[in-house]
Amino acid sequence: MTGGFSRRFSMKLMIPFSRRASRDATRGAIALLILAAASHLAVAQASGQSAATPPNAGPPNNGGNSQLGVAVQTQQQLATPGPALNPQSTTSQNGIDPSFHGSLVRGKATADVLPLTIDDAIQRGLQNNLGLILQTSNERQSNGSRLQSLQALLPTVTGGASVTVEQIDLAAYGLKFPGINPIIGPFQVMDVRGYLSQNVVNLNAFEQYMASKHNFEGAKLTAQDARDLVVLTVGNAYLLCIADEARIKAVQAELDNSKLSFDQATDNHEAGTSPRLDVLRAQVDYQSEQQTLISTVNQLAKDKLALARVIGLPLDQQFELADSTPFQALDTPDPEAAFQQAIKQRKDLAAAVEQTKAAEATRKAAVYDQLPTLVASGNYGDQGETFNHSHGTYTAEGQLSAPLLQIAKTRGEEETAGAQLDQAKAKLSDQVQQVNADVRDAILDIQTAAKLVDATRSNVDLAREALSEAQQRYKAGVDTSLSVSQALSTDRQAEDQYISALYQHNVAKLALARALGVASTNYKEYLGGK
């Protein structure tokens, strides 16, 4: 309250005194007190707080102000639901990894203004979004681990060749024969050989491979689910920019209305039919709308930068939004039927199932680590003094080994694997319920936002009618500019709430598509309605 009073006092000092400065100086303090009271009333109405004067207070028999009171009361009820208009509101609440707000920039900015549709933005996001690129890399990494585990079940074949030149002293080994030179050689041996090794029975290696296989399948499903998250993130950023543009148009219209009221108050004051206070109040409203317009334009520029970051556009590339998303109703499905559909389609849920299977295979591998293993190995090669004087040689071997005393190791592996399996099962159970909650939340948000759109659209009409009537009454001299100022504030609030409701409805439809696991394939259907 004190801040509002200080702003008005500063503006008062900046305005030159009229020819009737002596009289204005006398009533200056009274005017400031009245202006402060008017500011308090406007702030109380905009914020939904109670004030000493009811929202529809005004001169007797003022039908326009009665409707204005209804508009203010409705706005107070609509001010709370739904996310605020800021870039990270929806995505942060849904717990999306921050990497999905980044991207790889491909190409350089051009001098042309790029027309960007929501389809173009989503396709760019699916190509350049950092979150999707990282998930794809994780998929490749999991595939590499799977192949490494598979090698333990496949034959291992190696080859080698050697040339050995040797001279032996038999006396060094205690071999002495009369009449025989103890020095033998030098002589050479050439050997070309292939080696084969194969696990015949190794249940531990088999279960380790199965675990890596399930982890790879889970990584593939997670990468597919990342496409839905990209669509949700890009769609939210694009819809936010659309909301910003709508707000700019609304604020510009409010600015024109406040300029009209300011000019009217100035003319009336110069004609001697209204006090200086009306001019001050109208000028404050006009300058406030100018500040709001500056702030809204700046917010659009920042949100467009955020959109460019998500889809991989150079930040200095100029672009304009080529699509708008007017309100289109969506027939929401039955929550239980939608949940059953999501169970079948959600890729992140399927990935959690694969991770649980991987944990189960790891537990089995820990148990099988104490069982015997059977390995077959052998080699075959050509050996001789030279290749022309050589002969084939081979070795075949079967080896059975079993752990005899590794109680602590085996017990530790089983405990660790069992705990990981319990965690995986608990996470899967919770994720199923989270999917259920996502579906139901999205359906509730769509239904609520649709009602908000209807209510706020009606409220905008009420506020505009109240503003028009207040301006006409002031022009006719039967009301003060305070009613015009209040009507301007309510009209701007009604426009903001309507734009916010449209934004919430469209984002809720995208959230439902993501909750059902079809955002990357059916987002057009959900944004366009059914």
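Residues numbered from 1 in each chain as written. Predicted model: local features only at pLDDT ≥ 70, side-chain atom pairs only at ≥ 80, totals over all residues. Heavy atoms only, no water.

A. Just the packing of aromatic side chains, in detail. Across all of its chains, the model carries 1 aromatic pair by this definition. Sitting over the ring of Phe319, Lys304 keeps its end group 4.8 Å from the ring centre. (Phe/Tyr/Trp six-rings, centres within 6.5 Å; stacked < 30°, edge-to-face > 60°. Lys NZ or Arg CZ within 6 Å of the ring centre and 35° of its normal.)

B. Region of interest: the pattern of salt bridges. Within the structure shown, the criterion is met by 18 salt bridges. A salt bridge links Arg514 to Asp225; the nearest nitrogen and oxygen atoms lie 3.1 Å apart. With Arg514 in helix α12 (residues 481–516) and Asp225 in helix α7 (residues 203–270), the pair connects residues that are 289 residues apart, well separated along the chain. Taken individually, Arg514 and Asp225 each receive the classification buried, so the pair is uniform in this respect. (Salt bridge = Lys/Arg side-chain N within 4 Å of Asp/Glu carboxyl O. Helix = DSSP H or I, 4+ residues; strand = E, 2+ residues; numbered from the N terminus. Buried < 20%, exposed > 50% of the residue type's maximum accessible area, 1.4 Å probe, protein only.)

C. Layout of the side chain of Arg514. Since its relative accessible area comes to 11%, Arg514 is described here as buried. One polar contact links Arg514 to Asp225, side chain to side chain, over a distance of 3.1 Å. (Polar contact = N/O pair within 3.5 Å; in protein donor to acceptor, adjacent residues only side chain to side chain.)

D. Quick peek at the sheet that holds strand β2 (residues 156–169). Read across the sheet, 4 strands follow the order β2-β3-β5-β6 without closing on themselves; strand pairing throughout is antiparallel. Edge positions in the open sheet fall to β2 and β6 (389–401), since each of these has one partner strand only. Going across the sheet, the axis of each strand differs from the next one's by a mean of 20°, ignoring polarity. As paired elements, β2 and strand β3 (residues 183–201) share 13 bridges and run antiparallel to each other. Of the residues in β3, the one forming a bridge with Ala161 is Val192. (Pairing = 2+ DSSP bridges. Axes fitted to C-alpha atoms, helices over the stretch in contact; angles between N-to-C directions.)

E. Spatial organisation of empty space enclosed by the protein. If you walk through the whole model with that rule in mind, you get 1 cavity of 30 Å³ or more. Estimated volume of the largest cavity: approximately 60 Å³. Contributing to the lining of the largest cavity are Ser261, Ala265, Arg281, Ala282, Asp285, Tyr474, Ser481, Val484, Ser485 and Leu488. Listing elements by their share of the lining of the largest cavity, those giving two or more residues are α7, α8 (276–311) and α12. Looking at side-chain class alone, the lining of the largest cavity contains 5 nonpolar, 3 polar and 2 charged residues. (1 Å grid on protein atoms, 1.4 Å probe; cavity = no way out; pocket = protein on both sides within 12 Å on 5 of 7 lines; lining within 4 Å. Points joined across faces, edges and corners; volume = space filled by probe spheres on them. Nonpolar A, V, L, I, M, F, W, Y, C, P; charged D, E, K, R; others polar.)

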